[in-house]
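# Observations on chain architecture
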Amino acid sequence: MTDQVTLTIDNREVSVPKGTLVVDAAAKLGIEIPVFCSHPKLDPVACCRMCLVEITGPRGTVLQTACSVPVADGMAVRTDSEQVRAIQEANLAFILLNHPLDCPICDKGGECPLQDQTMRYGPGISQLVEPKRHKNKNYHISDTIVLDQERCVVCWRCIRYLEEWEDKPQLALFERGGATIIDIQEGQPVTAKTSGNIIDICPVGALTNKVARFSYRPWEIDRTPSICTHCSIGCNLRMDTRTHKLRRIVGRENMQVNDQWICDKGRFAHGWVNHEERLTMPLVRKNGGLQPATWGDALNVVAERLQAIKQQHGADAIGGIGSAKVSNEANYLLQRFMRQLIGTNNIDHRNGGDVAALPTGLPALAGLMKPQYGPDPKHDVIVLVGVDPSEELPILDVHLKRAVRRGKAQLVIVHPRKVELTRYKGPFLQVNPGTEITLLNGLLRVIGEDKGDSQSEAYQLVAGVKDEQVEQVCGVEVSEVRRAAQLLAAAQNPLILYGPMVAQGDVGIQLRNALVNLALYLGHPSNLAYVGLEANSQGARDMGVLPDRLPGHATLDDPGANARLEQLWSCSLPVHPGKSYKQMLDSAGGELRALFIMGANPATERPAWAANLEQLEFLVVQDLFLTETGRLADVVLPAVSWAESDGTFTNLERRVQRAPKALSDPHSKAAADWLILDHLAGLFDAHWQYDSVQSVTGDIAQAAPIYAGISWASLGDHGLQWDAAAIAGEAVYRKAEQPELPKGDNTLALVTGTVLYDGGDLFKLTKQMGDMAFGASVWLNPVDAGQLGVEEGAPVKVHNSYGALSLTARTDAAVKRGTAWIPESLPGAPVGALLNGSAVERVQVEKA
């Protein structure tokens with residue numbers, strides 16, 4: 001049987017794959033069939049009836065919906081008959097009966113399918129003589145989405161997106177006939193973290209963006225294809241700008257990354273781009289305070305002070321901190337500046353050298369995506385260790401839901417908190433924090449026993465980890481471990497992901513060993529991936545913003561890399577490993593005399609670090625705002641954002657993508673990060689000769705072989721992946737030993753991690769999202785809260801030997817008994833004060 005079907009549409013022959021819908025077959029011929037309810041990313045429902053066409057088959061000619069009928073061999077379709085045109089006109093007349101005349105003020109005006117179809121297919125006049133029906137207008141169904149029920153054409157697209165992709169049926173149909181409306185359940189607003197996508201797919205102006213509402217007209221905006229920089233997925237989006245302001249952000253299709261969806265943080269949280277608190281000129285400390293200065297004066301101070309400290313105390317008395325929030329070009333030039341001109345490997349970024357990461361990233365996001373029509377996802381079992389995609393990577397979360405519900409993939413979740421994805425009933429190993437190594441060793445042992453493989457090297461490494469130890473140490477039922485083992489043993493192409501929450505310090509190193517052992521034993525070592533959480537977590541590593549790695553992940557003693565870089569940079573490279581992010585901040589004001597910090601705010605992470613930064617002889621901060629770290633600086637250099645400068649970012653699957661400049665502020669003297677570093681290098685008698693960010697991108701391709709062949713032009717609008725095989729060494733088994741964990745009577749194990757609406761610097765400046773942010777709280781299991789005598793909403797003190805936080809107590813059964821959950825980046829709650837760089841610590845919780 002052939003997979004191709006041949007039919008005629010308007011007397012034109014076309015061959016298409018079996019299963020193709022008539023509406024899509026017509027599109028192949030360039031024939032437009034009008035639709036409202038149909039959408040290529042949603043299941044067909046054929047409810048709007050706009051796509052009725054005449055189809056001739058064995059039973060004669062009948063009117064059928066082109067959006068729901070698959071093609072058949074020999075089928076004859078007419079889209080332009082007199083009857084079809086009459087029905088199209090009648091349908092539009094019916095839709096327009098009660099539709100308000102809002103076009104002059106509607107955000108959709110100018111890009112509205114209802115406007116377009118009325119012009120092409122609709123009646124010239126309305127036959128309505130009665131008053132129009134009135135429904136809710138300016139109806140807020142969430143903090144960020146406004147519904148106008150009068151404009152709604154009841155196409156169900158919004159309902160279907162939330163059901164089919166988010167698996168959250170938070171909108172529904174109410175009433176009947178002409179009174180039918182879309183609405184939320186009473187008192188239950190839309191909370192899905194990608195809910196803003198229903199605005200993009202709405203065919204009329206019924207759903208509008210509360211942040212962007214009434215701030216643009218579609219025909220007056222400039223549209224720039226770009227990417228999101230809120231997390232490491234690198235979702236493709238479009239920035240719409242006018243008069244030097246970012247007016248709105250919409251999703252952009254890239255089937256290798258985000259399909260066409262973006263999360264609500266990426267869509268709505270952009271108020272910071274044009275915020276009045278942005279730095280607009282350099283600041284230099286004089287007479288005890290930061291004073292405005294010219295660029296020449298500020299850069300001269302930086303050059304003179306760094307050179308003086310280097311001469312007096314040596315190059316290793318200076319450190320540089322980069323950022324996974326800024327571009328590859330900026331990070332590359334910062335590490336080049338530190339290595340070539342300062343002469344030190346003291347260069348790192350947050351969650352860089354202190355984390356036991358793997359360099360190769362996720363194999364491919366496309367391996368998790370279930371197409372509308374096509375093969376199942378490539379990965380049949382997905383293991384998440386210390387990763388919560390629902391909060392940390394919402395579009396990955398959508399892909400995983402789709403893979404489970406449509407592709408029949410299975411999830412195995414290892415996490416101390418009952419995260420949202422556990423509702424899919426796969427094995428949930430709710431492990432005690434820090435005991436993941438014992439759990440993974442026990443899991444590997446069970447798989448080996450089930451295979452009768454007791455003589456293998458892998459089994460011998462874990463043979464001593466018995467069921468009783470897993471239950472007692474990890475707090476996980478052996479039956480769940482065996483469920484997970486059975487799935488993994490039968491998996492054809494398993495994928496294992498782990499994140500920074502479990503990869504810190506000594507525990508992280510041993511955890512990585514345990515994960516490598518498991519992936520290697522399953523026969524898929526390349527399917528183990530560390531998932532950084534920030535926009536350029538992968539790129540910062542690729543650029544060499546690490547104390548023990550050069551660009552392209554080369555070791556410091558790699559002779560080929562040293563020779564290549566020394567020739568390219570015309571210098572001799574430092575050979576000894578530098579200090580990590582934590583080590584630099586711990587030694588700031590002591591062994592470390594000066595710091596150059598770009599795009600990071602460590603003063604908010606730990607009070608001790610803020611105190612250390614105050615003791616430095618010289619501190620330079622390069623950032624968008626006068627942050628807490630900036631207020632301690634001797635020189636503050638104002639940078640521009642990703643929206644105001646060209647740059648590239650590398651996402652969690654090693655895809656290098658462009659982020660072109662979309663706007664500028666004519667009243668600001670802020671400059672691009674890479675340009676600031678280029679000018680500063682000139683004061684060190686270096687002649688880098690970069691005339692654009694594109695020339696820096698070209699330099700990266702020479703410095704890092706994994707980026708060879710990558711240029712600004714070659715990246716196009718959808719980016720390119722570098723080949724993981726270029727640096728993937730041969731995986732080997734290593735002993736993974738469970739480190740000794742902190743103990744303490746009347747204490748709880750501290751669980752951290754990130755949340756999407758964290759109230760951080762860039763989130764809180766979008767005022768419409770203020771009520772969505774997490775407060776400064778600690779979440780406890782209700783049983784633990786009861787034993788502590790702590791009630792919901794009560795003020796508590798959370799403390800250990802490293803520090804103390806004053807928080808509000810919240811109870812949640814998803815939190816494992818014996819643990820306390822405090823997310824990162826909550827306002828006024830630096831959880832790092834309790835961790836001291838470790839993955840695991842214990843705390844006491846007391847009533848305030």
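Structural notes, computed from the coordinates. Just so you know, these numbers come straight off a predicted model, no measurement behind them.

## Side note on the overall build of the chain
Check the secondary structure of the chain and you find 24 helices and 36 strands. Computed over its C-alpha atoms, the radius of gyration of the chain comes to 29 Å, within 12% of the 29 Å expected for a compact globule of 848 residues. Projecting the C-alpha coordinates of the chain onto the three principal axes gives extents of approximately 90 × 70 × 60 Å. In the chain, buried positions account for 60% of the 848 residues. Summarising the internal contacts of the chain: among those between residues at least 6 apart in sequence, 71% fall at separations of at least 24. In the structure as shown, the chain presents an accessible area of about 33,400 Å², 48% of it carried by carbon and sulfur atoms. Charged side chains of the chain number 82 positive and 98 negative; the gap between the two group centres comes to 3 Å.

## Description of the packing of helix α11 (residues 436-450) against helix α13 (residues 467-474)
One way to put it is that α11 packs onto α13 with a least axis distance of 9 Å and a crossing angle of 155°. Viewed along their axes, α11 and α13 adopt a mutual orientation that is roughly antiparallel. Crossing handedness for the pair α11 and α13: left-handed. Residues Thr438, Leu439, Gly442, Arg445 and Val446 of α11 form the contact with α13, whose participating residues are Asp467, Gln469, Val470, Val473 and Cys474.

## Side note on the pattern of salt bridges
Applying the stated criterion to the full structure yields 44 salt bridges. We note a salt bridge from aspartate 200 to arginine 267, for which the minimum N-O separation is 2.9 Å. Remark: arginine 267 occurs in helix α6 (residues 264-268) and aspartate 200 occurs in helix α5 (residues 197-201); sequence separation between them is 67 residues. Exposure remark for arginine 267: the relative accessible area of 1% places this residue in the buried category. The network of salt bridges with common partners includes Glu166, Asp167, Lys168, Asp397, Lys401, Arg405, Glu420 and Arg423.

## Some thoughts on unusual backbone geometry
When glycine is set aside, most residues are seen to have a negative phi, and most peptide bonds are trans. Even without a glycine there, the phi angle at histidine 553 is positive, about 70°. Mapped onto the elements of the fold, histidine 553 is located in the loop between β23 (549-550) and β24 (554-555). Relative accessible area serves as the criterion here: at 13%, histidine 553 is assigned to the buried category. Despite not being glycine, serine 570 shows a phi value in the positive range, around 55°.

## As for the environment of glutamine 410
Along the polypeptide, glutamine 410 turns up in strand β19 (residues 410-414). On the basis of relative accessible area, glutamine 410 is assigned to the partly exposed category, the value being 34%. Sequence separation between glutamine 410 and valine 732 is 322 residues, and the spatial gap between their C-alpha atoms is 27 Å. If sequence neighbours within four positions are ignored, glutamine 410 has contacts with Asp380, Val381, Ile382 and Leu487.

## Some details on the sheet that holds strand β31 (residues 748-751)
With respect to topology, 6 strands assemble into a closed barrel ordered β31-β35-β32-β34-β33-β36, the strand pairing being mixed. Across the sheet, the mean angle from the axis of one strand to that of its neighbour is 45°, orientation sign disregarded. The sheet contact formed by strand β33 (residues 795-799) and strand β36 (residues 842-847) spans 4 bridges and is antiparallel. Considered in β36, the bridge of valine 796 is made with lysine 847.

## Focus on the layout of surface pockets
The computed volume of the second largest pocket comes to approximately 1,200 Å³. Grouping the constituent residues of the lining of the second largest pocket by class yields 22 nonpolar, 13 polar and 10 charged.

## As for helix α7 (residues 295-313)
Taking 1.5 Å of rise per residue, the 19 residues of α7 would be expected to cover 27 Å, and the 27 Å separating its terminal C-alpha atoms lies within 8% of that figure. Within the sequence span of α7, burial applies to Ala298, Leu299, Val302, Ala303, Leu306 and Ile309. An end-on view of α7 places all buried positions within 140° of arc, on one side of the element. Of the exposed residues in α7, the ones pointing more than 90 degrees away from its buried face are Glu304, Gln311 and Gln312. Positive phi appears at glycine 314, one or two residues downstream of α7, with a value of about 95°.

## Considerations on the packing of aromatic side chains
Each aromatic ring pair is described using two quantities: the centre-to-centre distance and the angle formed by the ring planes. Under the counting rule described, the total for this entry stands at 13 aromatic pairs. Positioned above the aromatic ring of tryptophan 821 is the side chain of arginine 417, whose terminal nitrogen or guanidinium carbon lies 3.9 Å from the ring centre. Its end group placed over the ring of tryptophan 722, arginine 654 keeps NZ or CZ at 5.5 Å from the ring centre.

## What about the sheet that holds strand β18 (residues 381-385)?
Spatially, the 5 strands line up as an open sheet ordered β20-β19-β18-β21-β22, and their pairing is parallel. Two strands lie at the open edges of the sheet, namely β20 (428-429) and β22 (528-530), each paired on one side alone. With 5 bridges joining them, β18 and β19 adopt parallel strand pairing. Its bridge partner being in β19, valine 383 is matched across the sheet by valine 412.

## Observations regarding the packing of helix α17 (residues 559-569) against helix α21 (residues 693-703)
It is at 10 Å that the axes of α17 and α21 come closest, and there the two elements cross at 150°. Residues Arg564, Leu565, Leu568 and Trp569 of α17 pack against Asp699, Gln702 and Ala703 of α21. Residue classes in the contact of α17 with α21 are distributed as 4 nonpolar, 1 polar and 2 charged.

## Regarding helix α8 (residues 328-342)
The first and last C-alpha atoms of α8 sit 20 Å apart over 15 residues, in line with the 21 Å expected at 1.5 Å per residue. For α8, the buried fraction is high: 15 of the 15 residues fall into the buried class. Note on α8: the residue one or two positions beyond its end, glycine 343, has a positive phi of about 90°.

## A word on the environment of valine 71
Relative to the elements of secondary structure, valine 71 occurs in the loop between β4 (60-65) and β5 (76-78). Sequence separation between valine 71 and phenylalanine 36 is 35 residues; the distance between their C-alpha atoms is 20 Å. Leave out the neighbours within four places in its chain, and valine 71 touches Val5, Leu7, Val16, Pro17, Thr20, Leu21, Val22 and Ala25.

## Regarding the nonpolar core
With 116 residues, the main nonpolar core has Ile9, Val22, Leu171, Leu207, Ile233 and Trp642 as its most contacted residues. Setting aside chain neighbours within four positions, we find tryptophan 642 in contact with Ser226, Ile227, Thr229, Met239, Ile249, Trp272, Val273, Phe649, Ala659 and Pro660. Judged by nonpolar contacts, the second largest core, of 75 residues, contains Val383, Leu440, Ile496 and Phe774.

## Focus on the side chain of histidine 379
Structurally, histidine 379 is set in the loop between β17 (347-348) and β18. We classify histidine 379 as buried; its relative accessible area is 5%. Here the side chain of histidine 379 touches asparagine 493 through a polar contact of 3.2 Å, landing on its backbone oxygen. Histidine 379 has contacts with Gly367, Leu368, Ala409, Asn493, Pro494, Leu495 and Asn527, leaving out every residue within four places of it along the chain.

## Some details on the pairing of β4
Looking at chain direction, strand β3 (residues 52-57) and β4 are connected through 6 bridges and run antiparallel. The residue of β4 that forms the bridge with leucine 52 is threonine 65. The turn linking β3 back onto β4 is made up of 2 residues.

Cut-offs applied
Residues numbered from 1 in each chain as written. Predicted model: local features only at pLDDT ≥ 70, side-chain atom pairs only at ≥ 80, totals over all residues. Heavy atoms only, no water. Helix = DSSP H or I, 4+ residues; strand = E, 2+ residues; numbered from the N terminus. Rg over C-alpha atoms; globule rule 2.2 N^0.38 Å. Buried < 20%, exposed > 50% of the residue type's maximum accessible area, 1.4 Å probe, protein only. Contact = heavy atoms within 4.5 Å. Areas by Shrake-Rupley, 256 points an atom, 1.4 Å probe, with all protein chains shown as cover. Lys, Arg positive; Asp, Glu negative; His and termini not counted. Charge placed at Lys NZ, Arg CZ, Asp CG, Glu CD. Axes fitted to C-alpha atoms, helices over the stretch in contact; angles between N-to-C directions. Parallel < 35°, antiparallel > 145°, perpendicular 65-115°, else oblique. Left-handed = near helix turned anticlockwise from the far one by under 90°. Salt bridge = Lys/Arg side-chain N within 4 Å of Asp/Glu carboxyl O. Pairing = 2+ DSSP bridges. 1 Å grid on protein atoms, 1.4 Å probe; cavity = no way out; pocket = protein on both sides within 12 Å on 5 of 7 lines; lining within 4 Å. Points joined across faces, edges and corners; volume = space filled by probe spheres on them. Nonpolar A, V, L, I, M, F, W, Y, C, P; charged D, E, K, R; others polar. Expected span 1.5 Å × (residues − 1). Arc of directions from axis to C-beta. Phe/Tyr/Trp six-rings, centres within 6.5 Å; stacked < 30°, edge-to-face > 60°. Lys NZ or Arg CZ within 6 Å of the ring centre and 35° of its normal. Core = buried A, V, L, I, M, F, W, Y, C linked by side-chain atoms within 4.5 Å. Polar contact = N/O pair within 3.5 Å; in protein donor to acceptor, adjacent residues only side chain to side chain.

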